[in-house]
Each structure stands twice: as C-alpha cells, then as structure tokens.
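The residues making up each chain are set out below.
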Amino acid sequence: MKRGTSRDIRTANRYEVLRQIIAESPTSRQELATATGLSLATVATLVGELLDLRMLTEVGFEDSAGGRPRGLVAVNATGGALIGVDIAETYVRVELFDLALNVLARADEDMRPGESRPEQVVGHVAAAVSSVVAQAGVEGARVLGVGVSVPGQVDRDRGVAEYAPNWDWHDVPLLDLLAEHIAYPLYLDNPLRACAVAELWFGAARGRGDAVVVNLGTGVGAGLALGGGLHRGVSNSAGEWGHTTLVLDGRLCHCGNHGCVETYVGAPGIMLNLRESSPGSTLLHPEDQTATIDALAAGVAAGDPVALKVVRDTARYLGAGISDLVNLLNPEVVVLSSWVAATLGEPLLREVREAVARHALRRPYAATEIVLSPIPTDPVCLGAATFALEGALQSVGQRPAAKRAAPARSRTAPSA
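Here's a quick rundown of the structure.

Reading the values: rules and limits
- Residues numbered from 1 in each chain as written.
- Predicted model: local features only at pLDDT ≥ 70, side-chain atom pairs only at ≥ 80, totals over all residues.
- Heavy atoms only, no water.
- Salt bridge = Lys/Arg side-chain N within 4 Å of Asp/Glu carboxyl O.
- Helix = DSSP H or I, 4+ residues; strand = E, 2+ residues; numbered from the N terminus.
- Buried < 20%, exposed > 50% of the residue type's maximum accessible area, 1.4 Å probe, protein only.
- Axes fitted to C-alpha atoms, helices over the stretch in contact; angles between N-to-C directions.
- Parallel < 35°, antiparallel > 145°, perpendicular 65-115°, else oblique.
- Left-handed = near helix turned anticlockwise from the far one by under 90°.
- Contact = heavy atoms within 4.5 Å.
- Nonpolar A, V, L, I, M, F, W, Y, C, P; charged D, E, K, R; others polar.
- Phe/Tyr/Trp six-rings, centres within 6.5 Å; stacked < 30°, edge-to-face > 60°.
- Lys NZ or Arg CZ within 6 Å of the ring centre and 35° of its normal.
- Pairing = 2+ DSSP bridges.
- Core = buried A, V, L, I, M, F, W, Y, C linked by side-chain atoms within 4.5 Å.

## So, the pattern of salt bridges
- Taken as a whole and judged by the stated rule, the model has 19 salt bridges.
- A salt bridge links Arg10 to Glu49; the shortest N-O distance between them is 2.5 Å. Taken together, the residues span a long stretch of sequence, with Arg10 in helix α1 (residues 6-23) and Glu49 in helix α3 (residues 40-52) at a distance of 39 residues.
- The exposure class assigned to Arg10 is partly exposed, which follows from its relative accessible area of 36%.
- Between Glu119 and Arg117 there is a salt bridge, with the nearest N and O atoms lying 3.0 Å from each other.

See below:
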C-alpha cells in the first residue's frame, strides 16, 4: 500500500499496533514487534503514545525465559467510544462500541420502500446515533468518531456517495448532510470494505493473507483482503463483483446492465427466483425481502420442496460467480457474510460449496475454504467502527499542537 508521508506511515503503524492489541489483549511489546514486523523501539514509542492517549493501559508482567519480566498492555476499553453505521437498502443499524470493540448499545431504523431520498436516510441515521449515545450514557467527548457504511461506490476523501444504483443516488454529499445533525468526526466507506475489515479483525479472515468476503444482502459485492490488507483499488471501487455479468442478456439490473450477479443472488433476485419457480407460493412476500428470506429458510428446514429448489438454484448462480473469484484471486478463504447468508445459513453454504467445486479449477479450489461469517453481531457496523478508529489515530500526531475543537468530521482516513 502506498503511504504518502512519514506521518501516514506512523499512522498506519499506530493502527496496526492497536489492531494487534485489540485482537490479542493483553500482550507484550516484544510480542507486538514480532506480530507487526516493526522494531521493538518503534513499538515501544507507539505503545507510549497510545498509553498517553488512554487508549491502552498497563496490566502487569509476564515471565520471560530467563530474562526480565515483560510488561503487558491491554486496550483501555473505557478510553473512548466508536460508532458504526450500517446504511442498507431496507434499514439503518447503528452500534456503539467501546475501544475493545464490544457492543454497548444498538439502534435500528426501518426504511420502507420509497424512503431512500438522502434527507430521509440522514434523518434515520441521526436518530439512531442519538439513541445509542443516550442508551450507553456516553459523554460526547468520549465518542472518537462515527464510521458510516453506505451501499455503492463512495469517495472517502470527499465524503460523497458517488453512485448507489439501488437508490439511483449520484454524487450525494452524504457526510456534509450528516454533519448538520451529528457533531462527531465522520468517516465514509461501503459495506464491502466494512465486512472485509470485520473479518480481518475478528472473523474467518483473521490471520489469512488472501480472503474474499462475499456480501449477500439486497445488494451483492465482494470485499477483498489481499496480502494481509484491505484492497480498495485505484478509485476505492474494488469488489463490485455483484455487477459483473453472470448471464448474457439476463435480468435487467439497477446499474443498467443485464445479467449481473446481483440480479440472481441478492435478496430481490432470490425473490424473483422464487416467483419464477412457484408464482403462487405462500413463501413469497412481494413487498418484504426479509420476510421472504425468512420464509425460505423456514421452508428449507421443514423440507418444503419449493424452498429447497429456490435455495439450490440460488446457490448454483452464487457458486458459479464465486468460482470466478476463486480462479482469479486464489484466496485462502471465501466468507459468506451479511443478512441473507446468515439467514439461509448452512443449507445455502452446502449447496454453494458443491457448485463451486463443479465450476472452479481444481488447484485453486483445493486451496480455498468456503465458510459462513462467524461474527455474531452486524459485521458492517463493526467494520465501520474501525474506520472511525483509523480516523482518530490519524489525528493523534496533530493533537499536541491543535488546541481548537475537533472538526465536525474528517474526510480522509488511512487504508486498513
């Protein structure tokens, strides 16, 4: 990854040290040096900075082999709070975390069809953020930042939702709109990156060099972790796998093309699979994606032949698309994430594995594990909270000289 300045490098190192401590708390400076590849002197300096900021705390010593006892450090969970926002096509979910990324409060706002204008979405987010802060009893000064995930392509530097095809959003200045209602620093990205970071930190991609996190919701995409880090692409657009062509001249997609992966395996696409398979099925709730996917899951569990066929057909499409990712990227693991994957669960996973085995080349397939996300909470909120943590760490070096209040938001955060 490119780092433009020495401050960027220092920020990235500070972030990596804190990430390791959150994952393996408590730990020693020597263990951190080994895990990060940084020198012990560099680690000691970075740990000192984080201790000064009360993000870390000393927690005692451990015996070393014949040497002096090693000092242990741990995350100071009460040293600040982070907020993660998951803006999806049918809901807004907000979670407030302590610095150890434990969930302290959660709020949900349903978005009905037709409630997708930017000002409506901003209203839902503002209400949910206010709710979690009140629930947790957190003082505003302790909220280090709010990470916001919005579907589609985003410009992180400008805080702009450039293109959200399911809503027909173009160049929406989302963070400027949110800053009118939320006084904390704001950071923007999309659910593909959020899910990938969550899996890298706490999920099935942890400790893996190359991973693909397939996000299955209303929209579909693939978060990419390559070489142990998040892969964004030159314009932060990597992972738009949901808008690659699966069926020539197939179903019309919101993006304007035909036959996109998303039109066959996203929630609306699964509903269409059901409608085509059994037009009068009682499993179909035409205006309710969640109810339809829930009904399919219950139907599969009960052995309903229509439900079994629809999940099998969906898995065939999904497996064909994932086999392309396996052949192209040769990842160690493919993680099925987000609410559709969680709801359909193991039955979907079994069928997907069989389909990928049929389509992928033998050698890359043999090296790839395909699993469901093990993260028990909303992975998008969790990943979005790490964007806020990145931003907070980026401003550390500026704090001694900056006596004025923090700006309403920051537009740039280092790459994970």
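## Concerning the packing of helix α9 (residues 289-301) against helix α10 (residues 305-329)
- Contact geometry of α9 with α10 gives a least axis separation of 8 Å together with a crossing angle of 115°. It follows that α9 is roughly perpendicular to α10 by the angle criterion. The handedness of the crossing between α9 and α10 is left-handed. In this structure, α9 uses Leu296, Gly299 and Val300 to contact α10, whose residues at the interface are Ala307, Leu308, Val310 and Val311.
- Partitioned by chemical class, the residues of the contact of α9 with α10 number six nonpolar, one polar and no charged.

## Some remarks on the environment of Ser323
- As for its position among the elements, Ser323 is in helix α10.
- Look at Ser323 and you get buried, because its relative accessible area is 2%.
- Sequence separation between Ser323 and Arg353 is 30 residues, and the spatial gap between their C-alpha atoms is 9.6 Å.
- Residues contacting Ser323, with those up to four places away along its chain left out, are Val356, His359 and Ala360.

## Looking at the environment of Ala194
- When you line up the elements, Ala194 lands in helix α6 (residues 191-202).
- In sequence terms Ala194 and Gly223 are 29 residues apart; their C-alpha atoms lie 7.9 Å from each other.
- Once residues within four sequence positions are removed from consideration, Ala194 is found in contact with Ser149, Pro379, Val380, Gly383, Ala384 and Phe387.

## Remarks on the packing of aromatic side chains
- Evaluated as defined, the whole model comprises four aromatic pairs.
- Pairing Trp201 with Phe202 gives two aromatic rings, centres 6.1 Å apart and planes at 50°, and the pair type is tilted.
- For Phe202, a relative accessible area of 30% gives the class partly exposed.
- Above the plane of the ring of Tyr91 lies Arg93, whose end atom (NZ or CZ) is 4.6 Å from the centre.

## Points about the sheet that holds strand β9 (residues 160-164)
- Spatially, the three strands line up as an open sheet ordered β8-β9-β10, and their pairing is antiparallel. The two strands at the open ends of the sheet, each matched to only one other strand, are β8 (153-155) and β10 (169-172). The sheet shows a mean angle of 15° between the axes of neighbouring strands, taken without regard to direction.
- Relative to β10, β9 is paired through three bridges, and the arrangement is antiparallel. If you follow Ala161 over to β10, its bridge partner there is Val172.

## What to know about the nonpolar core
- Counting 49 residues, the largest nonpolar core has Val17, Leu18, Leu82, Leu101, Trp201 and Leu389 as its most contacted members.
- Taken together, the elements giving at least two residues each to this core come down to α1, α2 (29-36), α3, β3 (70-75), α6, β12 (211-216), β15 (333-337) and α13 (379-394).
- Ignoring any residue separated from it by four or fewer positions in sequence, one finds Leu82 in contact with Glu95, Leu96, Phe97, Asp98, Leu99, Leu101, Leu144, Gly145, Ala385, Ala388 and Leu389.
- Residues Ala88, Val220, Leu296 and Val334 belong to the second largest nonpolar core, which totals 43 residues.

## With respect to the pairing of β12
- In terms of burial, β12 is a largely internal element, six of the six residues being buried.
- Taking every second residue as pointing to the same face, both faces of β12 are buried, with Ala211, Val213 and Asn215 on one and Val212, Val214 and Leu216 on the other.
- As judged from the six bridges shared by β12 and strand β13 (residues 220-226), these two strands associate in the antiparallel manner. What sits directly across from Ala211, in β13, is Ala225.
- Connecting β12 to the next strand, β13, in antiparallel fashion are three residues.

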